[in-house]
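# Working through the structure, step by step
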Protein chains: 2
Amino acid sequence: MVCSSFDTRLGSSSNKSRKKPLFFPLFPAQLGWGDLGVFGEPSKETPNLDQMASEGVLLPDFYTANPLCSPSRAALLTGRLPIRNGFYTTNGHARNAYTPQEIVGGIPDSEILLPELLKKAGYVNKIIGKWHLGHRPKYHPLKRGFDEWFGSPNCHFGPYNNKDLPNIPVYENWEMIGRYYEDFTIDRNTGESNLTQMYLQQAIAFITREKDPQQPFFLYWAIDATHSPIYASKPFLGTSRRGLYGDAVREIDYSVGKILEMLKQAGIAKNTFVFFTSDNGAALMSGPKQSGSNAPFLCGKETTFEGGMRVPGIAWWPGHVAAGQVSHQLGNIMDLFSTSLSLAGLQPPSDRAIDGIDLSAVIQEGKVMERPIFYYRGNELMAVRLGLYKAHYWTWSNSWEELSQGVDFCPGQNITGVTTHEQVEHTINPLLFHLGRDPGEKYPISVTSAEYQDAVSRISSVVRQHQDTMIPGEPQLNVCDPAVMNWSPPGCEKLGKCLKPPESKPWKCNWPH
Amino acid sequence: MVCSSFDTRLGSSSNKSRKKPLFFPLFPAQLGWGDLGVFGEPSKETPNLDQMASEGVLLPDFYTANPLCSPSRAALLTGRLPIRNGFYTTNGHARNAYTPQEIVGGIPDSEILLPELLKKAGYVNKIIGKWHLGHRPKYHPLKRGFDEWFGSPNCHFGPYNNKDLPNIPVYENWEMIGRYYEDFTIDRNTGESNLTQMYLQQAIAFITREKDPQQPFFLYWAIDATHSPIYASKPFLGTSRRGLYGDAVREIDYSVGKILEMLKQAGIAKNTFVFFTSDNGAALMSGPKQSGSNAPFLCGKETTFEGGMRVPGIAWWPGHVAAGQVSHQLGNIMDLFSTSLSLAGLQPPSDRAIDGIDLSAVIQEGKVMERPIFYYRGNELMAVRLGLYKAHYWTWSNSWEELSQGVDFCPGQNITGVTTHEQVEHTINPLLFHLGRDPGEKYPISVTSAEYQDAVSRISSVVRQHQDTMIPGEPQLNVCDPAVMNWSPPGCEKLGKCLKPPESKPWKCNWPH
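Residues numbered from 1 in each chain as written. Chains lettered and ligands numbered in written order. Predicted model: local features only at pLDDT ≥ 70, side-chain atom pairs only at ≥ 80, totals over all residues. Heavy atoms only, no water.

An unreviewed UniProt entry annotates chain A as N-acetylgalactosamine-6-sulfatase of Leptobrachium leishanense. Quoted verbatim from the Sequence similarities (unreviewed entry) field of the UniProt record, the comment on chain A reads "Belongs to the sulfatase family." (UniProt positions renumbered as here; feature names shortened; annotations may be inferred.)

Encoded structure:
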């Protein structure tokens, strides 16, 4: 969730009538499109998100920039595709990569982050939750435009033994204040953890403190639920019809409701642009108790089928955004970079390609613009959507070897020739689907049809232009090293929680899919 | 859609303060659960149905009585499972059967129909659309409690050559007024047909005429869209993102909006109980241009997986039903029989088993009652749902032979051991699913778990009781005969449209799946 307040005072310096919105991205991890009642989850357990949609604009055609967490989060804050901002790997062809704690890389200094631009314009910026753009001190979010941080640099995997792997630290601003499973408990047996409640309290405290409409803020509520291992706090455990995963969704829904209520109570709802989305599609490989729903879409996280990258999109801004609207604008989380800058009256960087587009006219005036969606997996452009057509240039779910070990990104969904278990190239004749009448990507359109020829020729020209001008960034996710893990984060000495790092033994990270 | 107005005068004879509602079932053919925006259709093209839900009670756990059209429609009007009311076959084990025009049978005289009971209580009853409970004169709906009829006895398949098969007649009351493809055109090339508009105009004319709140009515709007061959009227053609199927859905949605608006304009909305549902899940075997969506549910029409029998359910009754409610009551179209009687202050027949339950307290007071859902395929009880658990005693999609010919009831969905292509019996250890965390019936619960033992023992006792007391009706769908087709329906002579029936050559109907 991105929440951003507008500042009357700052606005008046550039434009008398302009108020700068406070941005507020709500950004839970891998919550699926189909996990919201408004998008068809049968148990209808997200009344607050459904209400948010009914008060704002619902975007059923909203996408993440990558089927994986860190690259998406990097794309949100840079407005650029992971292949440009460096959040990808060249260790293998079309491999997903992210930032576990053995990763050496992080967000390059050369990238310009949204909070850096907003800070220059007088915004107070806070990140609550998972940073995920590099955990080494040089990548610390407070060096990248954020004024405050409460959360962790990596996923909450664990518990670890602090010998082979250290437990992931939780930071408050510059320093760690404890570690997951030690000071911030997650009960792997019951699924109980107070983390989402802590992130909610942090958000409420921040809003309460920064409610002066003269002071614009940018709050990036980048929580880690519903990422596995799934957790929820005690009052939510066992309350969902959907099991533990549903409990976590209900807690997120509750928290969003509380945050919006808080904005209303603080009298700044009309100054605050809030956006709810997710970093990738629901992960389907973990069975029903740990997996979300991508509703009618094919496959899930890790894939470039719709289920991997179509995510919920809800824009909320009472008084500025008409209630109960549905926009079929193709949107992308990178657009939140451009849209936020636009609403703040700022210009995006002009010295580099920006993939995000400004959605303010979409959200405020119902405008619809043609634009492509690029589906990358690592260093490969797998597919492109333009209008209602999607062309797959490469298809792959995962390898037969992984599948035989029970790792299935498309459980129960097998479309011959589509959900392939080998990397299959279709560059000559891309696999084409019409996502309006075939949202599940089940029925490739015949190569010999006029419809195919017309759609593919339009998409191919977009692809050519995209590829001809593409300058990939330096890949950040190629090198791993045990020495860079969270052994001794800043502040560890005060807590007696410093661990001795092993010798540096860099290796080429192995990305199996 | 069932629409029923309450009569103040009649009500006052039995109960001073009671008003009898006008019932109004809206009942399109095989519209899928996932075809409504409110249930997650990504194109969000059903604003009127979504609005209806927001003004009433949405029932995400609503079911049809059978995965096929005629048996479901028979169940709606009798309140009884097809195995009781005769709408099944014993020609093969667990075979779906319905009423094409070669069928000899129909709704038995021994069955008591909802309009028959309402008529005795002073209701004016009209059926608009597909009767489907027998096309021979003895089964005419005006002999079974309806005062008026505009529509056809069978599906709108065709065009036929009137030699091997006659085109299906359209009736106005007692007599035919033309035939499909001749007088009531359906363009198989463009998909254009005005049928839904005609059914809409019929409904509006009826409401306009019967708007006196002293006169209760029962309107059964049993339209044939979105059954294949799919059609829509010219203003809707090409307007949907979903292709022709979506055009038909948009026209249904528009029509429902018009009908509800008409009820409001006529000042009888508060006296009229309206229910929207469908006769079976979306048919998935016809490819993307002719198929609807069952959203997260497994398979479609013809099967006893959720996609075959979970259907939309929306109850609307301004002033009596609180707006914006979601009820997880397990409901069934047979409940509309019992609920309508209850709202009319009438008793259901006491001399026979009635499978429907009275949902009036569910809809008006938010009550939730435990009750099983029985999933029959022909003469076999395939599965039972109780609470959130569903136990499959038999699994079958269709035969390998049919599948090899391209007939697929579960396209792109293959759950090994679940969507079986042989009839597989699981009576000893039923396949158990938790529909809350696994709505797609992908992950059978382990037989050795305590959860399994507990759920199966509860369901098995319900099954035992059900089967021990089951008295199947005389099967109506066993015998076919070319002589019984719609050669010379009443009124044909006036139109010069009588055809000479061939000799009677009864045969045992072949039901392949």
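## Here we look at the pairing of strand β9 (residues 217-222) of chain A
Residue and element names in this part refer to chain A. For β9, the buried fraction is high: six of the six residues fall into the buried class. Neither face of β9 is exposed, since F217, L219 and W221 on one face and F218, Y220 and A222 on the opposite face are all buried. Relative to β9, strand β2 (residues 22-26) runs parallel, the two sharing two bridges. In the strand pairing of β9, L26 is matched with W221. In this structure, strand β5 (residues 124-129) lies alongside β9, joined through six bridges in parallel fashion. By the bridge assignment, G129 is partnered in β9 with A222. (Buried < 20%, exposed > 50% of the residue type's maximum accessible area, 1.4 Å probe, protein only. Helix = DSSP H or I, 4+ residues; strand = E, 2+ residues; numbered from the N terminus. Pairing = 2+ DSSP bridges.)

## Here we look at the relation of the copies chain A and chain B
Mapping chain A onto chain B calls for a screw motion: a turn of 180° about the axis and a shift of 0.0 Å along it, with 0.0 Å RMSD after fitting. Within this description, the copies of the chain are treated as partners about a two-fold rotation axis. For chain A, the smallest separation between a C-alpha atom and the rotation axis is recorded for G40(A), amounting to 1.8 Å. Mapped onto chain B, 100% of the interface residues of chain A are again interface residues, and the two copies thus contact each other with one and the same surface. (Least-squares fit on C-alpha atoms with pLDDT ≥ 70 in both. Contact = heavy atoms within 4.5 Å.)

## Remarks on the pairing of strand β15 (residues 380-386) of chain A
Residues and elements named next belong to chain A. Burial analysis of β15 places seven of its seven residues in the buried class, which makes it a mostly covered element. Alignment of strand β14 (residues 373-377) against β15, held across five bridges, turns out to be antiparallel. Within the sheet, the bridge partner assigned to Y376 lies in β15 and is L381. In this structure, the hairpin formed by β14 and β15 is closed by a connection of two residues, where G378 is found at a positive phi of approximately 60°.

## Side note on the UniProt feature "binding site: Ca(2+)" (unreviewed entry) in chain A
Residues and elements named next belong to chain A. Mapped onto the present numbering, the UniProt feature "binding site: Ca(2+)" (unreviewed entry) falls at C69, D279 and N280. These residues run over 212 residues, yet every pair of their C-alpha atoms falls within 6.3 Å of each other. Topologically, C69 is positioned in helix α3 (residues 69-78). We classify C69 as buried; its relative accessible area is 1%. Non-local contacts of C69, meaning those with residues more than four positions away in its chain, are made with Y98, K130, H132, D279 and N280. Residue position: N280 is located in the loop between β10 (272-276) and α8 (306-309). Every residue in contact with N280, bar those within four places of it in the chain, is listed here: Q30, L31, T64, N66, P67, L68, C69, K301, G308 and V311. There is a polar contact of 3.2 Å between the side chain of N280 and the backbone nitrogen of C69. (Polar contact = N/O pair within 3.5 Å; in protein donor to acceptor, adjacent residues only side chain to side chain.)

## Details of the nonpolar core
In this structure, L77(B), W131(B), F218(B), Y220(B), L432(B) and I459(B) are the most contacted members of the largest nonpolar core, which totals 75 residues. Among residues more than four places away in sequence, those in contact with L432(B) are Y389(B), K390(B), A391(B), Y443(B), P444(B), I445(B), E451(B), Y452(B), A455(B), V456(B) and I459(B). The next biggest cluster of nonpolar side chains, apart from the first, holds 74 residues, and it includes F23(A), A222(A), I333(A) and W511(A). (Core = buried A, V, L, I, M, F, W, Y, C linked by side-chain atoms within 4.5 Å.)

## A few points about the interface of chain A and chain B
Contacts between the two partners involve 38 residues from chain A and, on the opposite side, 38 residues from chain B. Here chain A packs against chain B, burying approximately 2900 Å² in sum over the two surfaces, 61% of which is carbon and sulfur. When the buried surface of chain A facing chain B is broken down by residue, P42(A), R241(A) and R437(A) rank first, second and third, together holding 24% of it. The tally of links from chain A across to chain B stands at two salt bridges. Of the charged contacts in the structure, one is a salt bridge between D61(A) and R241(B), with a shortest N-O distance of 3.1 Å. (Buried area = accessible area lost by both parts, 1.4 Å probe. Salt bridge = Lys/Arg side-chain N within 4 Å of Asp/Glu carboxyl O.)

## Points about the sheet that holds strand β19 (residues 431-434) of chain A
Residue and element names in this part refer to chain A. Pairing in this open sheet of four strands is antiparallel, and the strands run β14-β15-β16-β19 from one edge to the other. The sheet terminates laterally at β14 and β19, the two strands that pair on one side only. Direction aside, the axes of adjacent strands within the sheet are offset by 20° on average. Pairing geometry for β15 and strand β16 (residues 389-392), over four bridges, is antiparallel. Directly across from V384, in β16, lies its bridge partner A391. Each of β14, β15, β16 and β19 touches helix α12 (residues 450-468); the most contacted strand, β15, lies at about 125° to it. (Axes fitted to C-alpha atoms, helices over the stretch in contact; angles between N-to-C directions.)

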